[in-house]
Amino acid sequence: MKQAAPPQIFDNKRRHALRFRAMARDVGNHFLWNILAEDLADRLSCTTRNFEKCLLIGPLTSQADMIIGAKAADITCLPLADEDRLEVEQGDFDLILSAGTLDSVNDLPGALVQIRRALRPDGLFLGAMFGAGTLASLKKAMMLADGARAMPHIHPQVELRSAADLLARAGFAMQVADKVGADVRYSDWRRLVNDLRDAGIGNCLAGPRAYLGRGYVQQLDAAWGSLMDVEGKVSERFEFLHLSGWAPSPDQPKAAPRGSGKVSLAALLDKSGKL
């Protein structure tokens, strides 16, 4: 039976256009990517081994040296790629990093499978993307400005538990998924939107764009103002999901079989129920 194609939630042309424009702008403070780059560098530095061939996917390619350093001898960078249609050889890399883009892939399970297949046995994958809870304030302000109309402005986001499940489904060993949050305060939603544009992030949902109306900017100003605190600012949230997993290998440590323990939990507890 032929497997159904994944729904086309995102428009790949819009997705690439956002990133091309950001690269052309080359202005602004790319603090979002700096956060991801520093975090990835810290996580990679905790790995005791070095790698031969690394693939770095996404907008952090300009920070490849800072992230990877001497951990890999050969680094291939793909600033623009469709991760669910990854054009690389199977088993070609022993380290793959993907940052800032997986949250807008139409077939995320398929993308993770392709990344795992591109790894050599015992190769490492590190991924980072925006997760559920990101841009909560902007979403709320837009919903208030929309009024009775329900229009999509920001795409659906992945929950941490779902991300962990996807790693397992993709066939990774020793999977880990965790999240790190950052709050940024804005006095004007326009500054927030400019920061998103500088990072190449925006509405790349598929389908036609609805006309917002002449008064929408004023409505959004009013909605944003209603969310301000006593200092005249709104706190915006960014949730970064971090994923890691290893391509399976016979040499990797394996969990002990269920029921193979020599001492029961009851034997470790005294009559009061304490250790």
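Residues numbered from 1 in each chain as written. Predicted model: local features only at pLDDT ≥ 70, side-chain atom pairs only at ≥ 80, totals over all residues. Heavy atoms only, no water.

- Named according to an unreviewed UniProt entry, the protein chain is Class I SAM-dependent methyltransferase originating from Sphingorhabdus buctiana.

## Things to note about the overall build of the protein chain
In step 1: Secondary structure summary: the protein chain contains nine helices and six strands in total.
In step 2: Across the 275 residues in the protein chain, those meeting the buried criterion constitute 43%.
In step 3: Put simply, of all contacts in the protein chain between residues at least 6 apart along the chain, 82% involve residues at least 24 apart.
In step 4: Total accessible area on the protein chain stands at roughly 15300 Å², and carbon and sulfur atoms take up 54% of it. (Helix = DSSP H or I, 4+ residues; strand = E, 2+ residues; numbered from the N terminus. Buried < 20%, exposed > 50% of the residue type's maximum accessible area, 1.4 Å probe, protein only. Contact = heavy atoms within 4.5 Å. Areas by Shrake-Rupley, 256 points an atom, 1.4 Å probe, with all protein chains shown as cover.)

## What to know about helix H5 (residues 136–146)
Side chains that are three or four residues apart share a direction in an α-helix, a result of its 3.6 residues per turn.
In step 1: Three or more residues of H5 are buried, namely Ser137, Leu138, Ala141, Met142, Ala145 and Asp146.
In step 2: The inward-facing, buried residues of H5 abut helix H7 (189–198), helix H8 (216–226) and strand E6 (234–246).
In step 3: Of the residues trailing H5, Gly147 is marked for its positive phi of about 70 degrees.

## A closer look at the packing of aromatic side chains
In step 1: Counted under the stated rule, the structure contains five aromatic pairs.
In step 2: Aromatic side chains Phe31 and Phe238 sit 6.2 Å apart centroid to centroid with 80 degrees between the ring planes, which places their arrangement in the edge-to-face category. Note that Phe31 is positioned in helix H2 (residues 31–45) and Phe238 in strand E6, a separation of 207 residues in sequence.
In step 3: Centre to centre, the rings of Phe130 and Phe238 are 6.4 Å apart; their planes meet at 55 degrees, and the pair counts as tilted. (Phe/Tyr/Trp six-rings, centres within 6.5 Å; stacked < 30°, edge-to-face > 60°.)

## Side note on helix H1 (residues 12–25)
In step 1: Taking 1.5 Å of rise per residue, the 14 residues of H1 would be expected to cover 20 Å, and the 20 Å separating its terminal C-alpha atoms lies within 8% of that figure.
In step 2: Those residues of H1 that sit buried are Asn12, Arg15, His16, Leu18, Arg19 and Ala22. Down the axis of H1, the buried set is contained in an arc of 155 degrees. They therefore lie on one face. Along H1, the residues that are exposed and aim more than 90 degrees away from the buried face are Lys13, Phe20, Arg21 and Ala24.
In step 3: In this structure, the buried side of H1 is in contact with H7.
In step 4: The N-terminus of H1 is capped by Asp11, whose side-chain oxygen sits 2.9 Å from the backbone nitrogen of Lys13. (Expected span 1.5 Å × (residues − 1). Arc of directions from axis to C-beta. Polar contact = N/O pair within 3.5 Å; in protein donor to acceptor, adjacent residues only side chain to side chain.)

## Side note on the nonpolar core
In step 1: Ranked by size, the top nonpolar core spans 44 residues in total, and within it Leu32, Leu97 and Phe238 carry the most contacts.
In step 2: Apart from the residues within four sequence positions on either side, Leu97 is in contact with Leu40, Cys54, Leu55, Leu56, Ile57, Ile67, Ile68 and Leu126.
In step 3: Core analysis: the next-biggest nonpolar cluster, separate from the first, contains 26 residues, Ile57, Ile96, Ala111 and Met129 among them. (Core = buried A, V, L, I, M, F, W, Y, C linked by side-chain atoms within 4.5 Å.)

## Description of the sheet that holds strand E4 (residues 119–130)
In step 1: The six strands are arranged E2-E1-E3-E4-E6-E5 in an open sheet whose pairing can be described as mixed. The sheet terminates laterally at strand E2 (72–78) and strand E5 (173–186), the two strands that pair on one side only. Adjacent strand axes in the sheet meet at a mean angle of 15 degrees, parallel and antiparallel pairs treated alike. (Pairing = 2+ DSSP bridges. Axes fitted to C-alpha atoms, helices over the stretch in contact; angles between N-to-C directions.)

## What to know about the confidence of the model for the protein chain
In step 1: Looking at the protein chain, the pLDDT average stands at 87 and 89% of residues meet or exceed 70.
In step 2: Low pLDDT, under 50, characterises residues 271–275; the predicted model gives this stretch four contacts beyond four residues in sequence or across chains. (pLDDT = per-residue confidence, 0-100.)

## Observations regarding the side chain of Thr134
In step 1: Relative to the assigned elements, Thr134 resides in the loop between E4 and H5.
In step 2: Owing to a relative accessible area of 3%, Thr134 belongs among the buried residues under this scheme.
In step 3: Looking at Thr134, its side chain comes within polar contact range of the main-chain oxygen of Gly131, at 2.8 Å.

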